[in-house]
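Read off the chains here:
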Amino acid sequence: MPRRFLSIGECMIEFAPTPAGTYAVGFAGDTFNTAWYARQLADADQIDVGFLSAVGDDDLSKQLTGFVKNAGITPEFATIRGGSPGVYMIFLSEGERSFQYWRSQSAARRLAEDLTALKGLSAGDMAYFSGITMAILDEPARGLLLAALAEAAARGVQVVFDPNLRPRLWRSNEDMCTWTMKAAAAAAIVLPSFEDEAVHFGDPDPAATAQRYLDGGARLAVVKDGEGPVVVQSSDGDGFRYQPAPVAAVADTTAAGDSFNAAFLVEYLERGRAREAVRAGCALAAHVIGSRGALVPVSQLDLIACRNRLSA
Ligand code: ADP
């Protein structure tokens, strides 16, 4: 039976400008992006990829659900009557992108009302969530989600957390940091990005970020740092650094971390080897930042390289 990879969070409707001056509709959101890349990378007979969220009952919600299904991902969605997905629009000005969001009332904020899929995971499966997942929930819902994740961990589910610090989604920085550490305490594997952690937690270097999450209860901390080395540290004292290959033409770093996480987690879930998993994460992220957009298709060749079968 395939193992399950269940990603938990929000997928939004994206309106992105086209060269013709119109807008193209897409679908993206940090934990969804990771599910989408995981589905492209993993063998379907090895890993079943699900996405736990909530949608409304309008046409946009139907489009979103259709997109998720067509991508081969199992939608594990609560349906909120009268609800709608969050939406964002990308603006282009002299080559610079800016974003405007309408997500404060999105149905995904009520995802904790149905955690059946999470409660159905068993030993060896993986549950993945992020700081954005936490930020969009109200406090009681955060408590429900963390309790369900702790129960899952007690059953042998590998719980994984990417802090993905986004101060604008939180009431205060203090709130963000407090809940980030509470969420991380529910996780065995934590996948932070150093740049954000340095700003909000004052970590002097990636090793300090890793140590803070290990002290908070994680078993494995994998600290990404853009073009810098990925620092990996485990609670049993093992650790290593991996320098990503330089990327000559970076087109757009959107979803660098999300795609890294997907390749890392698929490799780790299938074979349990952190070094190979980091290498796969860097290979996929390099591919993704070479093109524009959050969801960059992965060809068969890219797939082989990302899954590490060509790159020794
Ligand atoms: P986030 O999107 O969370 O900010 P990071 O910027 O830390 O993520 O990057 C995640 C991964 O993407 C890195 O570990 C690295 O593998 C890859 N990456 C990001 N930027 C670059 C870059 N300029 N050159 C090479 N690899 C990069």
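Residues numbered from 1 in each chain as written. Predicted model: local features only at pLDDT ≥ 70, side-chain atom pairs only at ≥ 80, totals over all residues. Heavy atoms only, no water.

### Concerning the sheet that holds strand β1 (residues 3-8)
For step 1, the next point in the chain: One open sheet holds the 9 strands; their spatial order is β5-β4-β1-β8-β9-β10-β11-β12-β13, and the pairing between them is mixed. Among the strands making up the open sheet, the edge pair consists of β5 (74-79) and β13 (239-242).
For step 2, the next point in the chain: Of the pairings in the sheet, the one linking β1 to strand β8 (residues 126-130) comprises 3 bridges and is parallel in character. Residue pairing across strands places Phe 5 opposite Met 126, the latter belonging to β8.
For step 3, the next point in the chain: Contacting β4 (47-55) and β5, helix α2 (residues 59-70) runs over the sheet at an angle of about 160° to β5.
For step 4, the next point in the chain: Across the sheet, helix α5 (residues 139-154) touches β1, β8 and β9 (158-162), and the angle it forms with β8 is around 150°. (Pairing = 2+ DSSP bridges. Helix = DSSP H or I, 4+ residues; strand = E, 2+ residues; numbered from the N terminus. Contact = heavy atoms within 4.5 Å. Axes fitted to C-alpha atoms, helices over the stretch in contact; angles between N-to-C directions.)

### Some thoughts on the site of the ligand
For step 1, the next point in the chain: Around the ligand there are 15 residues in total, and Ser 193, Lys 224, Gly 226, Gly 257 and Ala 285 lie nearest to it.
For step 2, the next point in the chain: Between an oxygen atom of the ligand and a main-chain N or O atom of Gly 226, the distance comes to 3.0 Å.
For step 3, the next point in the chain: Between the ligand and Gly 257 there is a distance of 2.9 Å, counted from an oxygen atom to a backbone nitrogen or oxygen.
For step 4, the next point in the chain: For the ligand, whose accessible area on its own is 560 Å², the fraction buried by protein is 83%.
For step 5, the next point in the chain: Breaking the shell around the ligand down by element, the ones donating at least two residues are α9 (256-271) and α10 (274-289).
For step 6, the next point in the chain: Split into classes, the residues belonging to the shell around the ligand amount to 9 nonpolar, 3 polar and 3 charged. (Near = heavy atom within 4 Å. Polar contact = N/O pair within 3.5 Å; in protein donor to acceptor, adjacent residues only side chain to side chain. Areas by Shrake-Rupley, 256 points an atom, 1.4 Å probe, with all protein chains shown as cover. Nonpolar A, V, L, I, M, F, W, Y, C, P; charged D, E, K, R; others polar.)

### A closer look at the sheet that holds strand β6 (residues 87-93)
For step 1, the next point in the chain: Strands sit in the order β3-β2-β6-β7 across an open sheet of 4 strands; the sheet is mixed. Only two strands of the sheet have a single partner each, and these edge strands are β3 (23-28) and β7 (96-102). Across this sheet, the average inter-strand angle for adjacent strands is 25°, counted without regard to direction.
For step 2, the next point in the chain: Here β6 runs beside β7; their pairing, made up of 7 bridges, is antiparallel. Note that in β7 the partner of Met 89 across the bridge is Gln 100.
For step 3, the next point in the chain: Each of β2 (12-17), β3 and β6 is contacted by α2, which is oriented at about 65° to β3, the strand it contacts most.

### A closer look at the packing of helix α7 (residues 194-201) against helix α8 (residues 206-215)
For step 1, the next point in the chain: Relative to each other, α7 and α8 sit at 75°, their axes nearing to 10 Å. If you check the angle between α7 and α8, you find them roughly perpendicular. Facing Phe 194, Glu 197 and Phe 201 of α7, the residues of α8 in contact are Pro 206, Thr 209, Arg 212 and Tyr 213.
For step 2, the next point in the chain: Residue composition of the contact of α7 with α8, grouped by class: 4 nonpolar, 1 polar and 2 charged. (Parallel < 35°, antiparallel > 145°, perpendicular 65-115°, else oblique.)

### Re the pattern of salt bridges
For step 1, the next point in the chain: On inspection of all chains with the given rule, the structure shows 14 salt bridges.
For step 2, the next point in the chain: The partner of Glu 197 in a salt bridge is Arg 212, and the shortest N-O contact between them spans 2.8 Å. You can see Glu 197 sitting in helix α7 and its partner Arg 212 sitting in helix α8, a full 15 residues away along the chain.
For step 3, the next point in the chain: The exposure class of Glu 197 is buried, given its relative accessible area of 1%.
For step 4, the next point in the chain: Classification of Arg 212 by relative accessible area gives buried; the value is 16%. (Salt bridge = Lys/Arg side-chain N within 4 Å of Asp/Glu carboxyl O. Buried < 20%, exposed > 50% of the residue type's maximum accessible area, 1.4 Å probe, protein only.)

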